[in-house]
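Notes for the structure review
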Amino acid sequence: MSAKELLIQLFNLPKGEIIFQDYSCALRGLFSKYGRIFLAENHICFYANLGGSKTKLVIKLDDVKQIQQKKGDIEISLKDEHIYCFNSFNDKDQVYSLMNALLTGQPVNLQQTTESKIEEKTDQGDESQILENADVEVSFLAQDGSRGEAEQELCKLTFQFNVDKFFDLFLGEEAIYSLLDHRVSQQDTETTLSKWQPMEDQFGSFQRELKTVIKLVNVPFKDKSRMHKLQTYKKEEGKLILSSTTHTLDVPYGGYFQLEEKWEITNLEDNKCILRMYGWILFTKSTMMKKTIIPRTLQGVKEDYEKWANNVKAKLEQLAKPQPKASNQVQHEYEDSKNLNDINLVRPVQKTNKKVEKQMKFMKSEMIFLGTIGILIIIMMFQLLIMNRQHQKLENLELLVMQLIHREEH
């Protein structure tokens, strides 16, 4: 089931409903509920899931009386006097303009999308496919600056070794921290990385492909996506150029753009090198989502670069730690062995002493028990002796009484 079908099912929208745009925001109330608002052809929908507490709201445009901006809020007033307030938008003006355009039935050519009328027609023709993510064959397009955005330098790092060493440590087949290692550290699954292969049409260039399934964050109804990355490198005198093209297949609008990256590694003086990381977005289809896709994607790339840099730093620091000398290891092994022998010699004596102590305690308890029984027997015998004497006295008394009775009769 595609993402669009999930949305239609979640909000119980009519089949074929066009979902133009979605934004992160908050529904204002006693406690603000942070989620996403979806602007569709005939509905405004909101969904939030915080700590297992789910909120779902569907507003028909026919039930809307007016939409207003009030301070930092967008206020939607319904004909039945209900009012809903939304805030925390990244671009509140764009959301407000699109809402009013949908409410008043204006064509969705919106100047805020910075798209031309021709591009708008293309958008409307492709709306039925928005958010769909069927299996596709990935085609890596040649870079064309006329259709893409300007490259941005996202990160810059300096290393204490030259370009060749950089390649061996991070890009070679026996790298200490490879692209595969990095994707595994990000908890990717189903990850495969091909070996570098020479390109027939570009002398001196090599190419490889990564396929993986990545985790997604803050993406509605999706927690993972397939990702394909094609990498090409070429070494020049004192410089290494690594180019990458990435398709993230299962994210909303994933079929509309591809991520382009370029790493320039250049030798410096004193056997050092500097790494400059660039990124930009190349759109393969026209869409109103450019202003959302570009910053989100590049921010994600920058965060990934920072994680890579931290992991590389930790790996290099680990390798730089001095290893213990062999003589020290032998001394430690001797001392450990000696201590172990001392412990083995002492343990039998300790065990014997413990056994003797246990036996003594047992004997003491037996003597106390027997002594107690003996005392009880003596007490019982003394009581029996007293009882016998009392019995004899009673017999003598009885005999005396009988004699007195006999005398009286005579």
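Note that this is a predicted model, so its numbers are computed, not measured. (Residues numbered from 1 in each chain as written. Predicted model: local features only at pLDDT ≥ 70, side-chain atom pairs only at ≥ 80, totals over all residues. Heavy atoms only, no water.)

**Here's the deal with the overall build of the chain**
What counts is decided by this rule: Counting from the N terminus, the helices are the DSSP runs of H or I reaching at least four residues and the strands are the DSSP runs of E reaching at least two. Think of it in three bands: with a 1.4 Å probe and only protein chains considered, a residue is buried below 20% of the maximum accessible area for its type, exposed above 50%, and partly exposed in between. Contacts between residues were defined by any pair of non-hydrogen atoms, one from each residue, lying within 4.5 Å. Under the convention used here, a 1.4 Å probe and the Shrake-Rupley method define accessible areas, while residue burial counts only the protein chains that appear.
Summing up its helical and strand segments, the chain has 7 helices and 15 strands in all. By the burial criterion, 38% of the 410 residues in the chain qualify as buried. Across the chain, contacts joining residues at least 24 apart in sequence account for 52% of those joining residues at least 6 apart. Looking at the chain as shown, the accessible area adds up to about 26600 Å², and 53% of this sits on carbon and sulfur atoms.

**Describing the packing of aromatic side chains**
To keep it simple, the criterion reads: Here a Phe, Tyr or Trp ring, Trp counted by its six-membered ring, pairs with any other such ring whose centre lies within 6.5 Å, and the pair is stacked when the planes are under 30 degrees apart, edge-to-face when over 60, and tilted otherwise.
One pass over the structure, following the stated rule, counts 15 aromatic pairs. Taking the centre distance of 5.7 Å and the plane angle of 55 degrees together, the rings of F11 and F38 count as tilted. Taken together, the positions of F11 in helix α1 (residues 3-11) and F38 in strand β2 (residues 33-40) put the pair 27 residues apart, joining distant regions of the chain. On the accessibility criterion, F38 (5% relative accessible area) is buried. Relative to Y233, the ring of F167 lies with its centre 4.9 Å away and its plane at 50 degrees, an arrangement referred to as tilted. You can see F167 sitting in helix α4 (residues 163-170) and its partner Y233 sitting in strand β12 (residues 224-236), a full 66 residues away along the chain. With respect to burial, F167 and Y233 carry one shared label: buried. Site record: aromatic cluster; members linked through ring pairs are F159, F161, F166, F170, W263, Y305 and W308.

**Comments concerning the pairing of strand β5 (residues 64-70)**
Operational definition: For two strands to pair, DSSP has to find at least two bridges joining them.
Bridge analysis of β5 against strand β6 (residues 73-78) gives 6 bridges, and the strand direction is antiparallel. By the bridge assignment for β6, K70 is matched with D73. What sits between the antiparallel neighbours β5 and β6 is a turn of 2 residues, in which K71 has the positive phi angle 55 degrees.

**With respect to unusual backbone geometry**
A positive phi angle, close to 50 degrees, is found at E190, a residue other than glycine. Mapped onto the elements, E190 comes out in strand β9 (residues 189-193). If you check the backbone angles, Y253 has positive phi at about 65 degrees while not being a glycine. Its place among the elements puts Y253 in the loop between β13 (239-248) and β14 (257-268). Assessed through its relative accessible area of 4%, Y253 is described here as buried.

**With respect to the nonpolar core**
The test is simple: Side-chain atoms within 4.5 Å are what join buried Ala, Val, Leu, Ile, Met, Phe, Trp, Tyr and Cys residues into a set we call a nonpolar core.
In this structure, F159, F166, F170, W263, L275 and W308 are the most contacted members of the largest nonpolar core, which totals 36 residues. At the level of secondary structure, the elements contributing two or more residues to this core comprise β8 (152-159), α4, β13, β14, β15 (272-283) and α6 (290-320). By residue number, the principal contributor to this core is α6, which donates 8 residues. With residues up to four places along the chain from it excluded, the contact list for F170 reads F159, F161, A175, I176, Y177, S178, L179, W308, V312 and L316. Listed in part, the 25 residues of the second largest apolar core include I18, I44, L57 and F89.

**Comments concerning the packing of α4 against α6**
Put simply, the test is: With axes taken as lines fitted to C-alpha atoms, and helix axes fitted only over the stretch in contact, angles between N-to-C directions fall between 0 and 180 degrees. An angle below 35 degrees is treated as roughly parallel, one above 145 as roughly antiparallel, one from 65 to 115 as roughly perpendicular, and anything else as oblique. Residues are grouped as follows: Ala, Val, Leu, Ile, Met, Phe, Trp, Tyr, Cys and Pro are nonpolar; Asp, Glu, Lys and Arg are charged; every other residue, Gly included, is polar.
Contact geometry of α4 with α6 gives a least axis separation of 13 Å together with a crossing angle of 95 degrees. Comparing their axes, α6 and α4 come out roughly perpendicular. Judged by residue contacts, F166, L169 and F170 of α4 engage W308, V312 and L316 from α6. Considering only residue class, the contact of α4 with α6 consists of 6 nonpolar, no polar and no charged.

**Considering the confidence of the model for the chain**
The condition is simple: For every residue, the predictor reports its confidence as pLDDT, a number between 0 and 100.
Confidence in the prediction for the chain averages 79 pLDDT; 79% of positions are at 70 or higher. The low-confidence segment residues 110-148, where pLDDT is below 50, has 79 contacts with residues more than four positions distant or belonging to other chains. Within the model, the stretch residues 340-349 combines pLDDT values under 50 with 0 contacts to residues more than four positions away or in other chains.

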